[in-house]
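# Inside the fold
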Amino acid sequence: MPSLLRADVWVSSRLPIAVQRDGQSSAWSPITCTLVHGDSEAVLVDTPISINQTEELIRWIEDVAPGKMLKYIYITHGHGDHWFGIPLIQRRWPQALAIATSATVAHSQGQLEPGIFDNVWSRFFPDQIYQPQKTAEPWPSNTFTMEDHEFRIVEVGHTDTHDTTVLYVPDINLVVAGDVVYGDVHQFFGEANTTSKRQEWLQALRTIESLNPQTVIAGHKRAGTVDGVFNIESTRKYILAFEDAVKTTSSPAELYQKMHDLFPTRVNPHAILSGAMAAFGKNPYEFKKKL
Ligand SMILES: [Zn+2]
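Here goes a summary of the coordinates provided. (Residues numbered from 1 in each chain as written. Predicted model: local features only at pLDDT ≥ 70, side-chain atom pairs only at ≥ 80, totals over all residues. Heavy atoms only, no water.)

### Some words on empty space enclosed by the protein
The rolling of a water-molecule-sized probe over the atoms marks out the regions of remaining empty space. Under the definition given, this model contains two cavities of 30 Å³ or more. Size it by volume and the second largest cavity reaches roughly 40 Å³. Lining the second largest cavity are T32, T34, V45, D46, T76, V176, G178, I217, A218 and G219. Its residues placed into classes, the lining of the second largest cavity shows four nonpolar, five polar and one charged. (1 Å grid on protein atoms, 1.4 Å probe; cavity = no way out; pocket = protein on both sides within 12 Å on 5 of 7 lines; lining within 4 Å. Points joined across faces, edges and corners; volume = space filled by probe spheres on them. Nonpolar A, V, L, I, M, F, W, Y, C, P; charged D, E, K, R; others polar.)

Here is the structure:
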């Protein structure tokens, strides 16, 4: 008889960003890390960014799954804010294998290139990201197991970036959605900057729905919000609203204001900035420029 599987979600603090944007200070969106565990083993999905956050996550894992062996760290997509904690987690659990699709690993390696690591991550979070860094390793299959439970990697294409995935755990009807689904946090459109990419994102939401999950964990969520399937619909509504706002506004500042007004309770309005700039053909990574 297979073990009883359960899952817990950790939500990170909002890490202050050292670079001002539009003359304002800001902080990163809260990041979720999901621990799926059985009788004696566990799988962690995604990590946070900084050394302090990752140390906090490690203490949390020790608390909710004491004595369990971390077998895999699965990384949903290549953005560094979902995997920079890998080397610290592996220092604590040396046997844990960090895995991802080959496309995610290739994307992750790109995040360590000076153009992105030095220009974005190090400037945002100076001296807070563990060094030396280590990406996940490419996993040669779309499934893996833990205590006879199957974990399915589902590739869903371009969502908040290219080559994203979700992790489906059929035995508990769980989808760990990475940044395909957001939980009451402003969505990132810095890379989903065309209608066709946003269409792909909508298709990814339909793919998740076709799995018929009972629980859907967003990659960024407001602490305390429930991991219900309603998050799929609210993510879809936000994409459609953004698509409409792109067509009905004439500048990044107007687009920013419109999304801000439409979704006043979502966490981190600063996350709108990159998408607003990218939608009007501007470089979303030029932080010093005012809108
Ligand atoms: Zn992302």
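### A few points about the sheet that holds strand 10 (residues 149-157)
Read from one edge to the other, the open sheet built from five strands follows the order 9-10-11-12-14, with strand pairing classed as mixed. Unpaired on one side and paired on the other, strand 9 (143-146) and strand 14 (215-217) mark the two borders of the sheet. Taken pair by pair, the neighbouring strands of this sheet meet at an average axis angle of 25 degrees, ignoring direction. Where strand 12 (residues 174-176) lies against strand 14, three bridges are found, and the strand directions are parallel. Its bridge partner being in strand 14, V175 is matched across the sheet by V216. (Pairing = 2+ DSSP bridges. Helix = DSSP H or I, 4+ residues; strand = E, 2+ residues; numbered from the N terminus. Axes fitted to C-alpha atoms, helices over the stretch in contact; angles between N-to-C directions.)

### Remarks on the packing of aromatic side chains
This structure, assessed with the given rule, holds 18 aromatic pairs. Here the aromatic rings of W28 and F124 are separated by 6.0 Å at their centres, their planes lie at 65 degrees, and the arrangement is edge-to-face. Taken together, the residues span a long stretch of sequence, with W28 in the loop between strand 3 (24-27) and strand 4 (32-37) and F124 in helix 4 (residues 114-124) at a distance of 96 residues. Through successive ring pairs, a cluster of aromatic residues spans W28, W83, F84, F117, W121, F124 and F125. (Phe/Tyr/Trp six-rings, centres within 6.5 Å; stacked < 30°, edge-to-face > 60°.)

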